[in-house]
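A closer look at the structure
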Amino acid sequence: VEKKPVIEDTKTAYQYLRPHFEHKLTEECWVMLVNRRKKWIKNHQISKGGLAKTNVDPRVVFKVALDYHAHGIILAHNHPSGDPNPSGSDISLTTNLLKASRYLDITLLDHLIVTDHGYFSFADNSLI
């Protein structure tokens, strides 16, 4: 039986998501899917964009979560600029995902903004 890692905190989620973003020159968005016990199911790419943005459709995010019977999700995207601070668009997206997550009973555990030198966590900064 394959042993799946448990995603207990933001740092663990970052460690499993970071390889998708290393040295990327364009923005990408990925979602980490976890079960009820926060065991990792898989990481799935949601979108790939340009130098300063990528489009993230909440319907696509939750379709993937529903397809894999995920109980929780962690959204992550990168800022190639190196600035981990959320933009207005990042905050708006997170707000919309939170609203949708409540209706679908899929927990939005965090939204990470990843750079080559670290990350910003919405959950750790009390924005989720």
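Conventions and cut-offs
- Residues numbered from 1 in each chain as written.
- Predicted model: local features only at pLDDT ≥ 70, side-chain atom pairs only at ≥ 80, totals over all residues.
- Heavy atoms only, no water.
- Phe/Tyr/Trp six-rings, centres within 6.5 Å; stacked < 30°, edge-to-face > 60°.
- Buried < 20%, exposed > 50% of the residue type's maximum accessible area, 1.4 Å probe, protein only.
- Core = buried A, V, L, I, M, F, W, Y, C linked by side-chain atoms within 4.5 Å.
- Helix = DSSP H or I, 4+ residues; strand = E, 2+ residues; numbered from the N terminus.
- Contact = heavy atoms within 4.5 Å.
- Patch = residues over 30% accessible without salt bridge, like charges linked within 9 Å, V, L, I, M, F, W, Y side chains within 5 Å.
- Areas by Shrake-Rupley, 256 points an atom, 1.4 Å probe, with all protein chains shown as cover.
- Salt bridge = Lys/Arg side-chain N within 4 Å of Asp/Glu carboxyl O.
- 1 Å grid on protein atoms, 1.4 Å probe; cavity = no way out; pocket = protein on both sides within 12 Å on 5 of 7 lines; lining within 4 Å.
- Points joined across faces, edges and corners; volume = space filled by probe spheres on them.
- Nonpolar A, V, L, I, M, F, W, Y, C, P; charged D, E, K, R; others polar.
- Pairing = 2+ DSSP bridges.
- Right-handed = clockwise from strand over helix to strand, strands pointing away.

Let us now look at the packing of aromatic side chains. Counted under the stated rule, the structure contains two aromatic pairs. With 5.4 Å between their ring centres and 90° between their planes, Phe120 and Phe122 make a pair best called edge-to-face. The burial state of Phe120 is the same as that of Phe122; both residues are buried.

As a further point, take the nonpolar core. Counting residues in hydrophobic clusters, the biggest one holds 17 residues, and the most contacted among them are Val31, Leu33, Ile46, Val61, Ile73, Leu75 and Leu97. Those elements that provide at least two residues to this core are β1 (28–34), α2 (58–67), β3 (72–78) and α3 (88–104). For this core, the element with the most residues is α2, which contributes four residues. Leave out the neighbours within four places in its chain, and Ile46 touches Cys29, Trp30, Val31, Val56, Val60, Val61 and Val64. With twelve residues, the next largest nonpolar core counts Tyr14, Trp30, Val34 and Ala76 among its residues.

We now examine a nonpolar patch on the surface. A surface patch of nonpolar side chains, amounting to about 370 Å² of accessible area, comprises Leu66, Tyr103 and Leu104. On the secondary structure map, Leu66 appears in helix α2.

Our next topic: the layout of surface pockets. The computed volume of the largest pocket comes to approximately 330 Å³. If you trace the largest pocket, you find 19 residues lining it, with Lys53, Thr54, Ser87, Ser89 and Asp90 closest to the centre. At five residues, the largest contribution of residues to the lining of the largest pocket is made by α3. Its residues assigned to classes, the lining of the largest pocket shows six nonpolar, ten polar and three charged.

Quick look at the environment of Thr12 now. With respect to the helices, strands and loops of the structure, Thr12 is situated in helix α1 (residues 10–17). As a C-alpha pair, Thr12 and Asp124 span 112 residues in sequence and 13 Å in three-dimensional space. For Thr12, the contacting residues outside a window of four places in its chain are Val6 and Ile7.

Our focus in this paragraph is the pairing of β3. Counting buried positions over the seven residues of β3 gives seven, a clear majority of the element. In the sheet, β1 pairs with β3 via six bridges, with the strands oriented antiparallel. Its bridge partner being in β3, Leu33 is matched across the sheet by Ile73. Note: β3 against strand β4 (residues 107–115), seven bridges, orientation parallel. Paired with Gly72 across the two strands is Thr107, which belongs to β4. The parallel pair β3 and β4 is bridged by α3, and the resulting crossover is right-handed.

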